[in-house]
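Structural overview for review
Each chain, written out:
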Amino acid sequence: MTNRLEATFERLRASRRKALIPYLMAGDPSLQDTETLVLELERAGADIIELGVPFSDPIADGPVIQKAAERALRSGTSLLRILDTVARLRTRTQIPLILMAYYNTIHAMGERAFCSQAVKAGADGLIVPDMPVEEATPLSSAATTVGGPLLIFLLAPTSTSSRRTLVARRSQGFVYYVSLTGITGAKLADLEDVRRNVAKIRRVTDIPIAVGFGIATPQEAAKVAAIADGVIVGSAVVRQIVEYQHDPRMPERMGQFVQSLRTAINSVG
Amino acid sequence: MPQLPDKQGRFGKFGGRFVPETLMPALLELEQAYLETRHDRRFQAELSYYLTHYAGRPTPLYLAERLTRTLGGAKIYLKREDLCHTGAHKINNTIGQALLARRMKKPRVIAETGAGQHGVAVATVAAMFGLACEVYMGTEDMQRQALNVFRMRLLGSTVTGVDAGSRTLKDAISEAMRDWTTNVRTTHYILGSVLGAHPYPMMIRDFQSVIGREVRRQALSAEGRLPDYLVACVGGGSNSIGLFHAFLKDAKVQMIGVEAGGLGVESGKHAARFAGGHPGVLHGTMTYLLQDDDGQINLTHSVSAGLDYAAVGPEHSFYHDAKRIQYTSATDEEALAAFDLLSREEGIMPALESAHAVAEVMKLAPRLKKQQVIIINLSGRGDKDVQQVARIKGVTL
């Protein structure tokens, strides 16, 4: 059975296009806004949407996403309510949705319960930033039992060659390559290093490679798109929400930003 | 009982390594480097040299005669970790980790601190070994512990305020982990308690278990037998596991860990993880946590900043579930009463953290027979808390 996420990468590969994957913190500023924004970003050219699950202590995130998590928690967002939102979105769109959740939010619900509810709601993939492959067994056996979601693992510039092989083989849907040694929202410094590492990952896997962390502008998105199969833009998207939070046309403004990323990525396609 | 933790850093179902991939290679490198030092005579000799000549070990086991008489029950001894250099057991761990940082050729160390005791102990060894040092501290804690902030700066460290979340220890650890993620190639993170991802809980326990090894020898020499009870406060749990570890196989030695009861467990304003928490993952480890139904970490409260944290070390969670160690709590009020009692009866001002252990003994000792022996780990001295105690008593200095 092909999952929406895998189908999207196959379709893109066939047409030699690169995936644009914007990140939204679910519930920032409210889950209703998230619903509107997902549809708007799809119209603007997003191929896949990553939905952050807010956590009180997000150790892999820089200040932009930390503050977004605080806003989302203040608006009463929980993992259960996010899954409701995903289910509602599924009546209106088939865009692949990936959740990014710290382990404790999943553990609190129970690995098995989470996987079955995520599949039922229509979530396609899951990224757990504080779960290396060594700790993945409870979650991956739950996901295997209930038939989803796909577990996407991360590789970093510090990953050794044996870890590259280990992680690339375990990752489903795509490999998430972290472009820099640091946290989300940091400055992307060394594109040459990204190119080298993506090439090394390609040698050990056939699944697509998406690159995230530190990609803030259409120019950077275009450069990364030339290297990888997908471009993930997180903090820069979240920053737009803050900038336009009092603007009634916030969704359209966000759409314009994502469209500018799309245009830039297509220019290298 | 099997050797704990296992190769994956597990104490039963607790522990592990729940960190971003970026940090995994560093944790594996640290584990490797640490395991090598266990059999490296030169490293062990050096560690022992600094513990003796710099930290002031062994610390005395002192018979608290007046306290024993006043409470009118078991014989009470104090393990005087308060007499260590910098005033607490924290230095046992920071010397060990600074030596490791040097061995791994990391020129920079970072740390988190709540009250400032661990931060001062890190700043101290960084000065002595010539390492660059940056300490993360919640801005709320920086205000409450301005003296320790100044102390760390005098020692040549940078103190960076963390203005996120609750602006306390929890947020300082998160920020230190983010720094480590960013600077992992040049930096060693000196974590202060038996928390975090493997190998930290194991390594810090080992560095602190010098306390229990000394106590064992000292008790045998003073009493000709092992003690009946060991009592220690439990924040992350490094002083307590340091005392308990050498006795875990002695079934007759009972152990009590005392958590921060704050305003009372029923008030919700406390840091008693075993009374009010359940297992989950925070800052790299699976352990008992104070959290809500959605897995969001709760805010904690204690008069003692060193105990004011939502998670407990994973090894404690294991011994809690195995019922080998008993965990209880003392409220702010009880700890303050113990602070007064020990000051007046023995002329020893305990850290507010350690006062929680004394508070438990105030309840326990009178119920025991005169020939029974209790050992309290007096993990730190109370000088740092004098201003706060004055504030609570409504005294203007």
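Description of the structure in this document.

Definitions and limits used
Residues numbered from 1 in each chain as written. Chains lettered and ligands numbered in written order. Predicted model: local features only at pLDDT ≥ 70, side-chain atom pairs only at ≥ 80, totals over all residues. Heavy atoms only, no water. Helix = DSSP H or I, 4+ residues; strand = E, 2+ residues; numbered from the N terminus. Rg over C-alpha atoms; globule rule 2.2 N^0.38 Å. Buried < 20%, exposed > 50% of the residue type's maximum accessible area, 1.4 Å probe, protein only. Contact = heavy atoms within 4.5 Å. Areas by Shrake-Rupley, 256 points an atom, 1.4 Å probe, with all protein chains shown as cover. Lys, Arg positive; Asp, Glu negative; His and termini not counted. Charge placed at Lys NZ, Arg CZ, Asp CG, Glu CD. 1 Å grid on protein atoms, 1.4 Å probe; cavity = no way out; pocket = protein on both sides within 12 Å on 5 of 7 lines; lining within 4 Å. Points joined across faces, edges and corners; volume = space filled by probe spheres on them. Nonpolar A, V, L, I, M, F, W, Y, C, P; charged D, E, K, R; others polar. Pairing = 2+ DSSP bridges. Axes fitted to C-alpha atoms, helices over the stretch in contact; angles between N-to-C directions.

1. Digging into the overall build of chain B
The helix and strand tally for chain B stands at 16 helices and 14 strands. In summary, chain B has a C-alpha radius of gyration of 19 Å against a globular reference of 21 Å for 397 residues, a match within 12%. Principal-axis analysis of the C-alpha atoms gives chain B an extent of 55 × 50 × 45 Å. The 397 residues of chain B split such that 65% are buried. Within chain B, contacts between residues at least 6 apart in sequence are counted, and of these 73% link residues at least 24 apart. For chain B, the accessible area works out to roughly 14600 Å², and carbon and sulfur atoms hold 51% of it. Where the 46 positive side-chain charges of chain B centre and where its 41 negative ones centre are 6 Å apart.

2. Digging into the layout of surface pockets
Computed from the structure, the largest pocket encloses a volume of approximately 640 Å³. Taken together, 27 residues form the lining of the largest pocket, with Arg205, Asp206, Ser209, Arg213 and His245 of chain B sitting closest to its centre. Counting only elements with at least two residues in the lining of the largest pocket, the list comes to helix H1 (24–38), helix H2 (41–55), helix H9 (200–208) and helix H10 (210–223) of chain B. Among the elements that take part in the lining of the largest pocket, H2 of chain B stands out by supplying six residues, more than any other. Class assignment for the residues of the lining of the largest pocket results in 12 nonpolar, eight polar and seven charged. Considering only enclosed or pocket space, the second largest pocket measures out at about 360 Å³ in volume. Secondary-structure elements contributing two or more residues to the lining of the second largest pocket are helix H3 (63–74) of chain A together with helix H8 (169–183) of chain B. In terms of residues, the lining of the second largest pocket owes the most to one element, H3 of chain A, which gives five residues. A breakdown of the residues in the lining of the second largest pocket according to their chemical character gives seven nonpolar, eight polar and eight charged.

3. Some words on empty space enclosed by the protein
All names here are of chain B. All told, the structure shown has six cavities of 30 Å³ or more when counted by the stated rule. Its volume calculated, the largest cavity comes out at about 390 Å³. As for the largest cavity, its lining consists of 33 residues, of which His89, Lys90, Gly306, Leu307 and Glu353 are closest to the centre. Among the secondary structure elements, those contributing two or more residues to the lining of the largest cavity are strand S5 (108–113), helix H5 (117–129), H8, helix H11 (238–244) and helix H15 (352–364). The space that makes up the second largest cavity amounts to roughly 90 Å³. Forming the walls of the second largest cavity are 14 residues, and the residues nearest its centre are Met177, Tyr189, Leu191, Gly196 and His283. With three residues, the single largest contributor to the lining of the second largest cavity is H8. Per-class residue counts for the lining of the second largest cavity are 12 nonpolar, two polar and no charged.

4. Remarks on the environment of phenylalanine 153 of chain A
Residue and element names in this part refer to chain A. In this structure, phenylalanine 153 sits in the loop between strand S5 (150–152) and strand S6 (154–155). Classification of phenylalanine 153 by relative accessible area gives buried; the value is 4%. For the pair phenylalanine 153 and tyrosine 176, spaced 23 residues apart in sequence, the C-alpha to C-alpha distance is 6.1 Å.

5. A short note on the sheet that holds strand S7 (residues 158–162) of chain B
Residue and element names in this part refer to chain B. Overall, parallel pairing links the four strands, which are arranged S7-S6-S5-S8 in an open sheet. Each edge of the open sheet carries a strand with a single partner, namely S7 and strand S8 (187–189). This sheet shows a mean twist of 25° between the axes of neighbouring strands, independent of strand direction. Of the strand pairs in this sheet, strand S6 (residues 132–138) and S7 are connected by five bridges, and their pairing is parallel. Bridge assignment links valine 135 to a residue of S7, and that residue is valine 159. The strands touched by H5 within the sheet are S5 and S6, with S5 carrying the most contacts at an inclination of about 165°.

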